[in-house]
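# An overview of the molecular structure
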Amino acid sequence: AIWNGTGNDYLELLRNVMSMDLPVKHAVAYAGYTEHDGKRWWVTKNHKITNHEEPESLAILKSHGEDNIGNRVTYAPEVIGKDEIESFVKELSMVHKSSSETTYPIMGWLWASFIKPLVSKQNHRRFPFLMISGTYGSGKTAFIQEIVWPFCGINDSTNFSCSSTKLPIERTMSCSSSIPVWFDEFKNDMGQSKMESFERLLRRAYGCEEETRGRPDQSTYTITFRSPVIVTGESEPQDSALRERFV
């Protein structure tokens with residue numbers, strides 16, 4: 001549709017709409033866990049999960065483009081019972097059985113990431129990121145794609161690059177409250193400026209920091225670096241303060 005009205009027409013239309021008794025729904029700009037009116041919700045593009053019984057009150061995910069991790073989550077329609085959960089845990093204990101010192105912290109971090117808002121609230125908003133490093137062919141990418149991603153309900157293998165420009169990284173680090181986002185290819189040949197820029201954003205994500213920005217119309221909006229972050233690569237951050245902030 002094309003709007004051919006004037007500014008006055010717009011104001012008149014706005015007054016008419018505001019005078020109507022329209023239904024109101026709570027909208028969130030990020031995927032995952034959220035709270036509203038004392039109730040807990042889990043929200044993605046295609047799913048609104050809660051123990052609340054009023055469907056008309058379901059939260060709606062306000063999409064921020066295809067890079068929003070909530071657009072890529074799909075859950076199975078059937079209910080998973082106790083037997084399936086016990087079977088999953090048993091099989092998981094057999095994954096990398098000889099290297100449980102590596103696997104168990106990863107899965108522990110993953111479980112905690114699903115309730116990150118609750119965990120970080122008890123830790124002054126801080127939440128560590130997950131760093132998986134190793135040489136080429138060591139299985140970093142396969143572990144994320146075959147274990148972590150299906151566990152999160154993500155059915156594609158897409159990741160985000162550590163060497164992307166600042167804006168898409170910021171959007172990704174703010175698009176989810178409790179569904180992990182994955183940045184790959186952290187290595188020394190990224191270039192000094194890109195590495196320093198990415199490490200600064202990791203620090204902001206660790207502290208769930210906020211940044212207020214202006215729009216051309218003089219209004220402002222706030223970005224919150226709330227996403228749980230997974231980083232994989234052949235190198236690790238060398239900054240001592242940042243090393244204390246990852247699992």
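See the structure printed just above.
Residues numbered from 1 in each chain as written. Predicted model: local features only at pLDDT ≥ 70, side-chain atom pairs only at ≥ 80, totals over all residues. Heavy atoms only, no water.

### A word on the pairing of strand β8 (residues 181-184)
For clarity, the cut-off: Think of it in three bands: with a 1.4 Å probe and only protein chains considered, a residue is buried below 20% of the maximum accessible area for its type, exposed above 50%, and partly exposed in between. In this text, helices come from DSSP runs of H or I with a minimum length of four residues, and strands from runs of E with a minimum of two, each type numbered from the N-terminal end. When DSSP finds two or more bridges between a pair of strands, those strands are recorded as paired. A clockwise course of the path from the first strand over the helix to the second, judged with the strands pointing away from the viewer, identifies a crossover as right-handed.
Residues of β8 alternate between two faces, with V181 and F183 on one and W182 and D184 on the opposite face, all of them buried. Of the pairings in the sheet, the one linking strand β7 (residues 160-161) to β8 comprises two bridges and is parallel in character. Note that in β8 the partner of F160 across the bridge is F183. In this region the chain leaves β7, passes through helix α6 (residues 166-173) and returns to the parallel neighbour β8; the handedness of that crossover is right-handed. As paired strands, β8 and strand β11 (residues 229-233) are joined by three bridges and run parallel to one another. Among the inter-strand pairings, F183 is bridged to a residue of β11, identified as V231.

### Quick word on the pairing of β11
If a strand is regular, its side chains alternate between the two faces of the sheet. With five of its five residues buried, β11 lies for the most part within the structure. Note that strand β6 (residues 130-133) and β11 share four bridges and pair parallel. Looking at β11, one finds that S133 is bridged to G233.

### A closer look at the pattern of salt bridges
So the rule is basically this: Just to be clear on terms, a salt bridge is a Lys or Arg side-chain nitrogen sitting within 4 Å of an Asp or Glu carboxyl oxygen.
All told, the structure shown has 11 salt bridges when counted by the stated rule. We note a salt bridge from R125 to E210, for which the minimum N-O separation is 3.6 Å. Of this pair, R125 sits in the loop between α4 (116-121) and β6 while E210 sits in strand β9 (residues 210-214), and the two are 85 residues apart along the sequence. Taken together, the salt bridges that share partners define one network made up of K166, E170, R204, E209, E211 and R213.

### A look at the sheet that holds strand β4 (residues 48-49)
A sheet is described by the order of its strands in space; here three strands give the open sequence β2-β3-β4, paired in antiparallel fashion. With partners counted over all chains shown, the strands left at the sheet margins are β2 (32-36) and β4, one partner each. In terms of strand pairing, strand β3 (residues 39-43) meets β4 through two bridges, oriented antiparallel. Note that in β4 the partner of W42 across the bridge is I49.

### Considering the nonpolar core
Quick reminder of the rule: For our purposes a nonpolar core is just a set of buried Ala, Val, Leu, Ile, Met, Phe, Trp, Tyr and Cys residues, chained together by side-chain atoms within 4.5 Å. Between two residues, a contact is recorded if the distance between any of their heavy atoms is within 4.5 Å.
Among the nonpolar cores identified, the biggest contains 44 residues, and M173, F183, F198, V229 and V231 are the most heavily contacted of them. Secondary structure elements with two or more residues in this core: α3 (100-113), β6, α5 (140-152), α6, β8, α7 (192-206) and β11. Apart from the residues lying within four places of it in its own chain, the contact partners of F198 are C162, I169, M173, F183, F186, M190 and V231.

### Some words on the packing of aromatic side chains
Put simply, the rule reads: We call Phe, Tyr and Trp rings a pair once their centres come within 6.5 Å, taking the six-membered ring for Trp, and we label the pair stacked below 30 degrees between planes, edge-to-face above 60, and tilted otherwise.
Within this structure, the stated rule accounts for 10 aromatic pairs. Measuring from centroid to centroid gives 5.1 Å for W111 and F151, while their planes differ by 85 degrees, and the two rings are edge-to-face. With W111 in helix α3 and F151 in helix α5, the pair connects residues that are 40 residues apart, well separated along the chain. Measuring from ring centre to ring centre gives 5.4 Å for F183 and F198, while their planes differ by 65 degrees; the resulting arrangement is edge-to-face. Placement of F183 in strand β8 and of F198 in helix α7 is noted, with a sequence separation of 15 residues between them. By the ring-pair criterion, three or more aromatic residues cluster together here, those being W42, W111, F114 and F151.

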